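Chains, contacts and geometry: an overview
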Amino acid sequence: FGEETKSKIPVKKISPPPLGEILDLPRQANFSLFIPKHRKIAGRLINIFLGMKDTDDLQSMAIFARERVNPYLFNYCFSVAILHRPDTQDLDIPSFIQTFPDKYLDSQVFSRAREEATLVPEGQRVPIEIPRDYTASDLEVEHRVAYFREDLGINLHHWHWHLVYPFEGAEQVVRKDRRGELFYYMHQQVIARYNLERFCNALKRVTRFTEWKDPIPEAYFPKLDSLVASRAWPARVTDQKLSNLRRDQDQITQDVDDLYRWRDRIYEAIHSGFVQTDGGGRQELTEFGGIDILGNIVESSNLSVNRTLYGDLHNMGHVFISYIHDPDHRHLETFGVMGDSATAMRDPVFYRWHAYIDDLFQQFKGSLPRYTEEQLNYPGITVTGVSVQSQGGAANTLNTFWQQSDVDMSRGMDFQPRGSVFARFTHLNHQPFAYNITVNNASGGNKRGTCRIFLGPKTDERRTAWLFKDQRLLFIELDRFVVNLRQGENTITRNSTESSVTIPFERTFRNLDLSRPVGGEALAQFNFCGCGWPQHMLIPKGTPEGYDCQLFVMISNFDDDQVVQSTEGICNDAMSYCGIKDRLYPDKRSMGYPFDRLPRNNVNTLQEFLTPNMRVQDCVIKFTDRVVVPRPRN
Amino acid sequence: FGEDDSETVTIDSVPLPDLADILTLGREENFSLFIPKHRNLSAKLINIFLQAENPKHLLSIACYAHDRVNPYLFIYALSVALIHRKDTKSLKIPNQIQTFPDKYFDSQVFSQGKEEMTVVPQGLRRPIEIPRDYTASDLEEEHRVAYWREDLGINLHHWHWHLVYPTDGGEIVTKKDRRGELFYYSHQQIVARYNFERFCNALKRVERLTDWQGPIKEAYFPKLDSLVAKRAYPARVQDMTMQDLDIPGQNIKVDVDDMIRWRDRIYRAIADGFITATNGSKMNLDDVTGIDILGNIMESSELSPNRQLYGNLHGFGHLMLSYIHDPRSHHLEPFGVIGDFTTAMRDPIFYRWHAFVDDVFQQFNGSLPRYTAEQLDYAGVQITDVNIKTPNAPDNEFRTFWQQSDVDMSRGVDFQDPGSVFVRFTHLNHEPFSYNITVNNTGNGVQEGTCRIFLAPATDERGNPWLFNNQRVMFVEMDRFKVTLRQGQNTITRNSTQSSVTIPFERTFRDLDTNRPAEGSEELDIFNFCGCGWPHHLLVPKGTPDGFKAQLFVMISNYADDKVEQDLSGSCNDAESYCGVRGGKYPDKRPMGYPFNRVARQGADTLQRFLTGNMIVQNCRIVHSDRTVRPRS
């Protein structure tokens with residue numbers, strides 16, 4: 001709509017398929033993948049995009065749909081299609097934060113940005129600063145970890161994860177190697193990271209949300225406006241209760257009692273060791289494959305073996321909570337932030353719900369055989385020393401601080417492109433550091449291993465020593481990589497920025513127009529990989545006096561880890577939580593290994609758990625309360 | 001900020017006022033006259049404006065303040081100053097709905113408005129239609145009267161009333177004839193009108209909010225964004241309970257128990273028949289000035305004789321309700337709609353609160369001596385007949401329908417001004433009608449009287465006949481005017497549009513630039529003050545399709561007992577019933593609400609028994625037809 005739209009793009013004429021019920025979602029409505037009706041029409045639109053016979057047709061179809069379909073729905077389906085068509089590997093997915101900044105930034109920012117874009121010529125604009133504490137104050141204890149919950153990168157990661165792993169749609173977009181298990185593992189790690197962050201802020205572990213008929217003490221006021229719906233995201237006040245849902249427009253009729261029934265059936269399956277399939281048959285929950293089946297059931301995805309029986313527990317939990325303020329739609333209200341994977345992680349209740357979901361998975365994990373010493377050890381391999389070293393810091397001390405960064409939000413500002421407008425936000429960051437690991441290979445030959453690095457809190461909330469079975473759930477993965485071990489002494493040096501968990505800051509907030517590679521392999525890589533924990537949140541905040549942690553390093557036998565496949569040229573640098581595009585999950589072990597099961601007999605503490613190929617190093621995370629301002633842009 | 005900003009206004013350089021703590025209210029904060037801190041700041045700013053030597057200085061100071069002060073606060077203070085300065089009578093007060101449309105319209109309208117302004121050239125633009133049912137659905141019982149609560153005109157009237165009658169700001173702006181009594185009466189009438197509207201929608205009378213420690217069942221989701229605060233007005237979900245407030249940022253600290261203490265002291269004063277002033281002396285609450293004192297105490301205004309003892313019951317009730325979602329500011333939330341005069345009447349809880357407030361006043365009115373038949377009658381004057389005529393309708397039938405109208409909102413859409421953008425909204429309206437009253441004057445010579453017309457439901461919610469004492473508080477005032485009666489038979493014809501309660505539609509929604517009368521003319525003077533007045537389109541309640549049964553009451557009282565000596569020429573007095581007259585005394589010496597403001601005399605159990613010869617009751621029907629009339633193009 002700018003004045004200078006001179007370039008014309010030739011569009012191929014196609015006869016577009018009827019959009020039908022896809023248009024049932026009005027253009028100004030909010031869109032949630034948790035709502036079955038929205039999910040269904042998203043599946044249909046994705047299929048239409050996937051069914052286009054070449055990219056020209058796809059483009060024409062996209063232009064046709066864009067004019068008619070709800071913008072959130074369109075953006076989601078088109079992104080999924082681009083990710084999953086073999087012929088669109090080279091196409092861009094616009095960064096979500098630039099298309100819909102309203103899902104990430106305080107509503108006050110927008111009018112200021114509009115003002116800036118209208119009044120100030122480009123070049124003289126100053127970034128609009130977003131205060132760190134705009135959603136609540138420290139009177140609200142839960143607000144202490146708001147910097148984590150409301151981190152732009154974390155919410156972008158979560159949105160992207162669900163973009164890569166849709167739970168509904170065609171077989172080809174849903175059926176991915178171990179997706180159910182990855183649902184479990186990625187969210188387990190979110191909870192572990194959240195709990196560690198809470199410890200750093202003198203909060204206890206998040207309480208599971210188990211009493212679904214009791215008031216929820218946690219309130220949340222998102223202070224976000226939806227640019228598409230032109231309405232504010234509804235808040236949840238303190239002590240609200242779930243109610244039965246009667247939302248005809250969204251085709252949701254669900255009782256809280258349904259949740260109880262699904263829960264109890266899932267528990268029964270876990271405790272009896274098998275699930276009942278659609279056809280009435282039994283499917284065993286095996287030692288390695290069981291968690292994947294369970295993940296698909298609990299989430300649920302359309303890979304669930306029996307949605308009638310096991311329902312849609314995790315998704316409907318989101319829906320119940322997101323409609324808590326208007327369960328029968330009498331006030332014509334839209335859902336709260338919990339109803340949208342782009343915003344759900346902002347809300348404290350997200351973690352209470354997922355702590356509950358995770359506990360369900362841990363019930364199952366607790367029923368599995370424990371790892372024996374043989375399954376853990378790597379004969380002949382001994383880790384003899386571990387240390388971490390920050391740039392210019394003391395050994396075994398990680399340093400964190402506040403960092404300000406700018407993100408361009410002009411793309412999401414209404415319809416007038418008038419150049420860049422930057423929002424400046426403050427987020428946690430840490431000094432880059434390196435691991436130095438010494439390994440002795442006494443096996444009599446060259447060996448390969450997988451080096452697995454985790455970090456956990458040294459003590460529990462009472463400052464008492466951990467039992468291993470509790471501490472294991474708090475270990476967050478920091479890195480995982482293959483090492484070659486010569487005979488004798490080996491020294492491994494690995495940089496924090498190489499982490500298999502994270503993607504770099506620039507990728508989380510990439511500006512597609514400026515930093516886009518020209519083509520070929522680099523571009524392909526650029527495209528897929530928005531999924532990944534944000535590098536700036538790799539390390540928890542710590543405390544000013546230094547928070548005591550334990551760094552755990554293990555080298556496992558690559559023979560038992562290896563997945564034979566080519567991972568050449570594909571984005572695999574955040575594979576721990578995101579897997580690899582179009583490939584098998586690149587680690588044959590159960591996700592979370594070696595912490596995913598209860599310990600063998602007589603192992604009560606982490607020290608007792610160790611075999612020679614593991615080592616623990618005490619370290620501290622020191623937080624400095626200073627704000628580093630961004631480098632000036634050019 | 002438009003491209004054609006070629007016009008330059010010369011501004012006198014004046015000694016700049018010290019804005020000091022006025023600036024402590026951030027430019028992006030929301031502004032509420034219920035918050036004492038905001039009230040104090042506005043009083044200071046009003047005084048700065050009032051003290052400017054002449055209009056030129058005022059302009060300079062206003063320019064200076066405009067760039068620095070919170071926009072809501074600025075507009076409020078400047079409007080009050082313009083109304084109250086003698087030398088600015090001919091200056092225009094900006095219309096709220098054009099300056100701050102965000103306080104009146106669904107937030108979705110704004111993005112559409114912006115789109116329309118940017119994409120569609122002026123001339124081709126179509127009005128943006130606001131659906132009538134955007135805040136809730138009929139699943140919510142209370143939503144049946146949302147068309148009334150959320151009416152733009154009603155909310156504009158309420159804002160304007162409080163602009164004309166500020167609670168604080170020094171004697172020039174607060175000390176007005178019978179302001180406390182008018183607070184009582186205008187709000188009593190709001191509750192009566194609301195109840196009437198509820199009856200038409202098969203709802204019972206609004207319940208007083210008396211349990212301040214129990215959950216409030218009415219929820220309200222305003223779906224309004226504040227353009228200044230750039231935040232949505234918070235909603236109130238079902239079953240929330242008022243909490244002690246502690247909001248340091250706004251300097252608010254009040255317990256629910258404080259409210260209970262103030263209430264009990266006020267009840268005690270009513271029972272005792274006197275209040276205690278700050279110096280410990282007693283002030284009687286007599287049958288003439290008692291209600292005025294009580295009004296100032298209840299609201300409270302700075303005219304309250306003892307704010308220490310009687311507190312600020314009505315105002316803090318609003319605040320407690322408006323901060324119910326975040327009473328200790330843990331979540332840094334702004335107040336809800338009930339905390340803002342411009343938006344408060346949208347919320348069902350407004351009426352529950354004011355039903356309580358009104359009941360306190362009725363307690364007092366109930367303690368006053370009853371009117372005797374002699375006080376009510378007008379010897380020698382009998383009303384022999386009354387009827388109302390709506391064109392093309394049977395006698396004694398009111399006709400209501402839905403009307404669409406357009407209002408320009410371009411002024412409030414950010415700062416770009418490429419022409420007008422109209423919003424089309426739907427509101428209740430009625431066919432114009434007239435009263436025909438036949439009066440027999442058997443006295444000697446010409447008599448003068450005040451004709452008082454009221455309307456009330458014919459039965460209660462059960463369909464049972466009323467007791468007078470219950471029906472009397474249901475009567476809504478329709479008109480009040482002076483009549484001159486010749487000897488013998490007189491026929492009085494009065495048009496509905498002449499009502500002393502209402503202002504015309506055009507004035508409620510006036511566009512200041514296009515409709516403004518010529519400079520210096522008398523019309524301009526009238527034009528300015530008189531945004532206050534019940535919107536004419538809501539003079540008559542909605543009725544029902546089968547005809548809601550109502551009773552029209554007409555009385556002619558003795559003008560000798562009504563008359564107020566003053567010169568009324570040229571001042572805006574066409575909505576005097578609820579708004580008074582500008583700069584003058586309230587133009588009716590009787591207690592406001594007369595003759596329904598007191599309990600009936602012995603034996604007068606029903607309206608019929610209450611009547612004296614100078615009164616008459618006519619049964620009539622209000623027929624609603626569910627059609628929508630499009631605006632004239």
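For the structure itself, consult the block above.
The rules behind these values
Each chain has its residues counted from 1, running along the sequence as written. Lettering for chains starts from A, numbering for ligands starts from 1, and both go in the order in which the items are written. This being a predicted model, a pLDDT of at least 70 is required before a residue's local features are given, and a value of 80 or more before pairs of side-chain atoms are given or counted; all residues contribute to the totals for chains, interfaces and linings. Side-chain calculation: all heavy atoms of the structure are included, whereas hydrogens and water are not. In this text, helices come from DSSP runs of H or I with a minimum length of four residues, and strands from runs of E with a minimum of two, each type numbered from the N-terminal end. Each residue's exposure class comes from its accessible area (1.4 Å probe, protein chains only) as a fraction of the maximum for that residue type: buried when under 20%, exposed when over 50%, partly exposed otherwise. Whether two residues touch is decided by their heavy atoms; if any such pair falls within 4.5 Å, the residues are in contact. His residues and chain termini do not enter the charge count, which takes Lys and Arg as positive and Asp and Glu as negative. By convention in these notes, a salt bridge is any Lys or Arg side-chain nitrogen within 4 Å of a carboxyl oxygen on Asp or Glu. Here a polar contact is taken to be a pair of N or O atoms separated by no more than 3.5 Å, where protein atoms must pair a possible hydrogen donor with a possible acceptor and residues adjacent in sequence count only if both atoms sit in side chains. Strands qualify as paired when DSSP identifies two bridges or more between them. Each axis is a line fitted through C-alpha atoms, and for a helix only the stretch in contact is used; angles between axes span 0 to 180 degrees, taken between their N-to-C directions. Note on terminology: pairs of cysteine sulfur atoms within 2.5 Å are recorded as disulfides. A helix is expected to span 1.5 Å for every residue after the first.

1. Here's the deal with the overall build of chain B
Secondary structure assignment for chain B yields 21 helices and 18 strands. Across the 633 residues that make up chain B, the buried fraction comes to 62%. A separation of at least 24 residues holds for 78% of the contacts in chain B among residues at least 6 apart in sequence.

2. Regarding the side chain of Arg149 of chain A
Residues and elements named next belong to chain A. Here Arg149 shows up in helix α6 (residues 146-149). There is no salt bridge for the buried Arg149, and the closest opposite charge comes from Glu150, which lies 4.1 Å off by N-O distance. A polar atom in the side chain of Arg149 sits 2.7 Å from the backbone oxygen of Arg346. Each residue touching Arg149, except ones within four places of it in the same chain, is listed here: Glu142, Asn155, Tyr194, Tyr220, Met345, Arg346, Asp347, Pro348 and Tyr351.

3. Some points on the pairing of strand β11 (residues 433-441) of chain A
Residue and element names in this part refer to chain A. With 9 bridges joining them, strand β8 (residues 381-390) and β11 adopt antiparallel strand pairing. Within β11, the position partnered with Val383 by the bridge is Val439. As paired elements, β11 and strand β14 (residues 488-495) share 8 bridges and run antiparallel to each other. Within β14, the position partnered with Ile437 by the bridge is Ile492.

4. Focus on the sheet that holds β8 of chain A
Residues and elements named next belong to chain A. Spatial strand order, β8-β11-β14: 3 strands in an open sheet with antiparallel pairing. Either end of the sheet is taken by a strand with one partner, and the two such strands are β8 and β14. With strand direction ignored, the average angle separating the axes of adjacent strands in the sheet is 15°.

5. Things to note about unusual backbone geometry
A cis geometry characterises the amide bond from Glu299 of chain A onward to Ser300 of chain A, with omega recorded as -15°. Among the structural elements, Ser300 of chain A can be located in the loop between α11 (290-299) and α12 (307-310). That bond from Glu299 of chain B to Ser300 of chain B is cis: its omega, -20°, falls within 30 degrees of zero. In this structure, Ser300 of chain B sits in the loop between α11 (290-299) and α12 (307-310). The phi dihedral of Ala20 of chain B is positive, around 35°, even though this residue is not glycine. Here Ala20 of chain B lies in the segment before α1 (36-51). In this model, Leu332 of chain B sits at a positive phi of 55°, which is unusual for a non-glycine residue.

6. Digging into the sheet that holds strand β14 (residues 488-495) of chain B
Strands belonging to one sheet form pairs held by backbone hydrogen bonds; the direction of such a pair is parallel or antiparallel. Residues and elements named next belong to chain B. On the basis of which strands lie adjacent, the open sheet formed by 3 strands has the order β8-β11-β14 and antiparallel pairing. The open sheet has two free edges, formed respectively by β8 (381-389) and β14, since each of these has just one partner strand. Across this sheet, the average inter-strand angle for adjacent strands is 15°, counted without regard to direction. The pairing of β8 with strand β11 (residues 434-441) spans 8 bridges and is classified as antiparallel. Bridging across to β11, Ile383 finds its partner in Val439.

7. What to know about the pattern of salt bridges
Any two side chains of opposite charge can pair, on the condition that their charged atoms come close. Residues and elements named next belong to chain B. All chains considered together, the criterion is met by 70 salt bridges over all chains. Between Arg352 and Glu218 there is a salt bridge, with its nearest N and O atoms 3.0 Å apart. One end of the pair, Arg352, is in helix α14 (residues 348-366); the other, Glu218, is in the loop between α9 (179-200) and β2 (225-226), with 134 residues separating them in the sequence. Among the residues examined, Arg352 registers a relative accessible area of 8% and is labelled buried. The class of Glu218 is buried, set by a relative accessible area of 6%. Within the structure, one salt-bridge network assembled from shared partners comprises Arg452, Glu477, Arg480, Asp561, Asp562, Glu576, Asp588 and Arg590.

8. Description of the state of the cysteines
Enumeration over the complete set of coordinates arrives at 2 disulfides over all chains. Covalently, Cys531 of chain A is tied to Cys578 of chain A through a disulfide, its sulfur atoms 2.1 Å apart. Measuring the twist about the S-S bond at about -75°, one finds the Cys531 of chain A-Cys578 of chain A disulfide to be left-handed. Of this pair, Cys531 of chain A sits in the loop between α18 (520-528) and β16 (533-534) while Cys578 of chain A sits in helix α20 (residues 575-578), placing them 47 residues apart in sequence. The class for Cys578 of chain A is buried, based on a relative accessible area of 2%. The disulfide that involves Cys532 of chain B links it to Cys579 of chain B, with 2.1 Å between the sulfurs.

9. Let's talk about helix α14 (residues 348-366) of chain A
Under the 1.5 Å per step criterion, the end-to-end length of α14 of chain A is 27 Å for 19 residues, consistent within 8% with the ideal 27 Å. With 16 of its 19 residues buried, α14 of chain A lies for the most part within the structure.

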